[in-house]
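One letter stands for each residue in the lines below.
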Amino acid sequence: YAKDVGKNNYQVFEAGMNIAVERRHRISRNLALAIGRTELTLAYQPKVAIASGGIVGVEALARWHDRELGIIGPEEFIPIAEDTGLILSLGEWVLCEACTQMKRWEAQGEERLQGISVNVSTYQLNHQNFVEVVKGVLEKTGLEAGRLELEVTESAVMQNPERACAILTELHQLGVKIAIDDFGTGYSNLSQLKRFPIDYLKIDQSFISGIATDIQNAALVKTIVAMAYNLNLEVIVEGVETEEQLAFVKNLGAHMYQGYLCSEPLSVEEFQQFLGRTGEKDKTQWR
Ligand code: C2E
Ligand code: MG
Ligand code: MG
Ligand code: MG
């Protein structure tokens, strides 16, 4: 009897595996076709200066609505795109689209947005010609290098620190800004990152959710902000959802934040409306 149960469990397990494998196949196949088509879009989330409350930047986040599979989040499709190498064409499309959109906002006289951030995956960063890809996109779109910010994670940088440092230095010399994303979740520490040409540190949202009540998280964020000051880095806090959390990180001296409190990531049309709405109220304040 026990043997039968084990066997059944295994069959259920195997069926589950097959479904997962099947889904991955479908995702990679459909995603390959979606690049450059309307199924793949960018969502835009504002970046707010904590001291003034004004909008100072925007992050581009990939969105995919597949006709067959429905809406699939980047947490699911980006890792698959990395495994299959699709991330190279996907990543270049994201870069190009984000830079083009930033140029449009410039052309309409939007002065609040100092730059646009684009997420870069480990595979992309470590791929041979990443610097050339970025240069090519900047040339093609005509965006000034100083208006582009690249977000890389600690783990992407630490996988091959020498190489990552060389690539980031080359990009930084072009004028591109560099941010470390999801900071605090990796194994590196700030002293290891000191030699990298970094402009911004983005504190991972997992530290913010309980910040007003969790003493440990609060202490951690406080330490990160203090160390960032010493290294001349600007701190961006991710995932701010409440006034309480905002008050807390403001008190610690963090420079900028992103989060649902201001806005969730928006479609290009919605972001346009958001700019209009916040611009009318006050040229520098979003609320
Ligand atoms: P990320 O770059 O750290 O982006 C922040 C994520 O947190 C986004 O999820 C955003 O929608 C979400 N978020 C923003 N504010 C809040 C908040 O107040 N509360 C909560 N709970 N969440 C908030 P999203 O868009 O699902 O993206 C997830 C991750 O996927 C990104 O994390 C990034 O690592 C990756 N990703 C997204 N687009 C791209 C892309 O074009 N290329 C690459 N390589 N990775 C991407
Ligand atoms: Mg990011
Ligand atoms: Mg992040
Ligand atoms: Mg993240």
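Look up a bit, the structure's there.
As a starting point, this report considers the structure included with it. (Residues numbered from 1 in each chain as written. Chains lettered and ligands numbered in written order. Predicted model: local features only at pLDDT ≥ 70, side-chain atom pairs only at ≥ 80, totals over all residues. Heavy atoms only, no water.)

A closer look at the coordination of the magnesium ion (ligand 3)
For the magnesium ion (ligand 3), the full set of protein donor atoms is D181 (OD), D182 (OD), E238 (OE) and E238 (OE), and the range of their distances to it is 2.0 to 2.3 Å. Read N to C, the donor residues that coordinate the magnesium ion (ligand 3) are spaced as D-D-x55-E. Between the magnesium ion (ligand 3) and the magnesium ion (ligand 2), a spacing of 4.3 Å is present, and a bridge between the two is formed by D181. Placement of D181 in strand β6 (residues 177-183) and of E238 in the loop between β8 (234-237) and α10 (243-252) is noted, with a sequence separation of 57 residues between them. In this pair, the class of D181 matches that of E238, namely buried. (Donors = N, O, S within 2.8 Å, 3.2 Å for Na, K, Ca; no water. Helix = DSSP H or I, 4+ residues; strand = E, 2+ residues; numbered from the N terminus. Buried < 20%, exposed > 50% of the residue type's maximum accessible area, 1.4 Å probe, protein only.)

Description of the pattern of salt bridges
The tally for this structure, following the rule as stated, stands at 14 salt bridges. Taking the shortest distance from any N to any O, the salt bridge between R24 and D83 comes out at 2.7 Å. Taken together, the residues span a long stretch of sequence, with R24 in helix α1 (residues 2-34) and D83 in helix α2 (residues 74-84) at a distance of 59 residues. R24 sits in the partly exposed class, given a relative accessible area of 37%. The residue R37 makes a salt bridge to E39 at a minimum N-O spacing of 2.9 Å. For E39, a relative accessible area of 13% puts it in the buried group. Among the charged side chains, a network of salt bridges with common partners joins E59, E151, K202 and E238. (Salt bridge = Lys/Arg side-chain N within 4 Å of Asp/Glu carboxyl O.)

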